[in-house]
Amino acid sequence: MRSHLISFGVLAALLSGCSLPFFGSKAVKGPPPAFDENLAYSRILEYEKKGPAVPGSAASLATGDWIASALKSSGAEVIEQTASAVTFDKKTIPIRNILGRINPSAKTRYLFSAHWDARPFADEDPDPKNRTRPVPAVNDGGSGVVVLLGIASALQGKDLPFGVDLLFLDAEDWGNPSTENSYCLGSQHFAKNPIPAGYQPRFGINFDMVGGIGAVFPIEAYSMERAGPVVEKIRAAAKKAGFQDYFPGYRTGAIIDDHFYLMEGLKVPVVDLIHITPYGRFPPQWHTLKDTSEGISRVSLKAVGQTALQVLWDEK
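Conventions used here
- Residues numbered from 1 in each chain as written.
- Predicted model: local features only at pLDDT ≥ 70, side-chain atom pairs only at ≥ 80, totals over all residues.
- Heavy atoms only, no water.
- Pairing = 2+ DSSP bridges.
- Helix = DSSP H or I, 4+ residues; strand = E, 2+ residues; numbered from the N terminus.
- Axes fitted to C-alpha atoms, helices over the stretch in contact; angles between N-to-C directions.
- Expected span 1.5 Å × (residues − 1).
- Buried < 20%, exposed > 50% of the residue type's maximum accessible area, 1.4 Å probe, protein only.
- Contact = heavy atoms within 4.5 Å.
- Polar contact = N/O pair within 3.5 Å; in protein donor to acceptor, adjacent residues only side chain to side chain.
- Core = buried A, V, L, I, M, F, W, Y, C linked by side-chain atoms within 4.5 Å.
- pLDDT = per-residue confidence, 0-100.
- Salt bridge = Lys/Arg side-chain N within 4 Å of Asp/Glu carboxyl O.

Some thoughts on the sheet that holds strand β1 (residues 77–86)
Consideration 1: The mixed open sheet is built from six strands, whose spatial order is β1-β2-β4-β3-β5-β6. In this open sheet, the two edge strands, each paired with only one partner strand, are β1 and β6 (270–274). For this sheet, the mean inter-axis angle between neighbouring strands, taken without regard to orientation, is 20°.
Consideration 2: Note: strand β3 (residues 109–115) against strand β5 (residues 204–208), three bridges, orientation parallel. If you follow Leu 111 over to β5, its bridge partner there is Gly 204.

Topic: helix α3 (residues 58–73)
Consideration 1: Relative to the 22 Å expected for 16 residues at 1.5 Å per residue, α3 spans 23 Å between its end C-alpha atoms, a close match to the ideal helical length.
Consideration 2: Restricting attention to buried positions, one finds in α3 the residues Ala 59, Ser 60, Thr 63, Gly 64, Trp 66, Ile 67, Ala 68, Ala 70 and Leu 71.
Consideration 3: The inward-facing, buried residues of α3 contact α2 (37–49), β1, β2 (92–102), α4 (138–155) and β4 (163–169).

Notes on the side chain of Thr 288
Consideration 1: Along the chain, Thr 288 turns up in the loop between β6 and α8 (298–314).
Consideration 2: A relative accessible area of 3% means that Thr 288 is categorised as buried.
Consideration 3: Here Lys 290 takes part through its backbone nitrogen, which lies 3.1 Å from a polar atom of the side chain of Thr 288.
Consideration 4: Not counting residues up to four positions away in its chain, the partners in contact with Thr 288 are Ala 122, Glu 124, Asp 125, Pro 126, Val 135 and Pro 136.

Some thoughts on the nonpolar core
Consideration 1: Counting 72 residues, the largest nonpolar core has Phe 112, Leu 166, Phe 168, Phe 207 and Leu 273 as its most contacted members.
Consideration 2: Contact partners of Phe 207, with chain neighbours within four places excluded, come to Phe 112, Ser 113, Ala 114, Gly 144, Val 147, Leu 148, Leu 273, Val 304 and Ala 308.
Consideration 3: Leu 169, Tyr 183, Ala 254 and Val 270 belong to the second largest nonpolar core, which has 20 residues in total.

Concerning the confidence of the model for the protein
Consideration 1: Residues at a pLDDT of 70 or more form 91% of the protein, whose mean pLDDT is 92.
Consideration 2: Scored below 50 in pLDDT, residues 3–17 makes 34 contacts in the model with residues more than four places away or belonging to other chains.
Consideration 3: Note that pLDDT drops below 50 for residues 19–25; the model gives that stretch 25 contacts with residues more than four away or on any other chain.

Things to note about the pattern of salt bridges
Consideration 1: Taken as a whole and judged by the stated rule, the model has 10 salt bridges.
Consideration 2: Between Arg 96 and Asp 65 there is a salt bridge, and its shortest N-O distance comes to 2.7 Å. Taken together, the positions of Arg 96 in strand β2 and Asp 65 in helix α3 put the pair 31 residues apart, joining distant regions of the chain.
Consideration 3: Its relative accessible area of 39% is what places Asp 65 among the partly exposed residues.
Consideration 4: For Arg 96, the salt bridge identified is with Glu 80, shortest N-O distance 2.7 Å. Highlighted residues: Arg 96 in strand β2 and Glu 80 in strand β1, separated in sequence by 16 residues.
Consideration 5: Sharing partners across several salt bridges, the network here consists of Asp 65, Glu 80 and Arg 96.

Description of the pairing of β1
Consideration 1: Pairing between β1 and β2: 10 bridges, direction antiparallel. Bridging across to β2, Ser 84 finds its partner in Pro 94.
Consideration 2: The turn joining β1 and β2, which pair antiparallel and follow one another in sequence, is formed by five residues; a positive phi near 70° is taken by Lys 90.

Written as structure tokens, this is what we have:
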């Protein structure tokens, strides 16, 4: 994701608006299933052990195979979307988006997304010698992955009146802060080539840096402008699940993240859940070699995963 926040003053020029097709599905009876934070944490360690999933690397191949296998083990239908893209530094890289479809025959659908790649250079590391090394990306990459996989595990075997699409996006983080469109290459490709063609979920939630110790998820500007009703659904669900402190009511500037391109292409509302500190910054491990499992909190993973499940169960 980008290293800067876009000011509110430019929103009117940038936003074209997304439709808000809220005709919710039949509500599921009873409480939502439990999100297993211990399973999620064990998967974080697996993600970390495979090495930085820089597109085109052996670690990326192994991590992508692992994600697809975990989805299949949870009973999801798996579809892979492959392509190539040219990065800002003129490298041609492979893109591998992985889609896990839960209850694929359901017409009413919800989209949960996260990027799974690692940034190839730790350009924010305080030690200049580290700035050409790849980021471990355990929070900025791995945390969203394990939340989505945890949701798949929680929904396994459930008789659902809706479908959930878990979209693992590649090549989000190979970009240059001075060129916004150089980021989110996987979501840009998916937005132009959705699976299936004409794909229209009710709404989406994007998970980015959601596992850190002390994580909080304030209201990101594009999310509020284009997906305000979904923001309120998330906040209400968090309160019901007992995790409202993780979703403070203050707002941040706009962030160019995967949700932006999904909204642009699919024309549906998508909220970005992303850790931004009360000082308006990303956490200190961001884009450094310190983005490891030492900075991950089981409770943060639980807060986000359980809230997402509650959102689904609250749909009426």
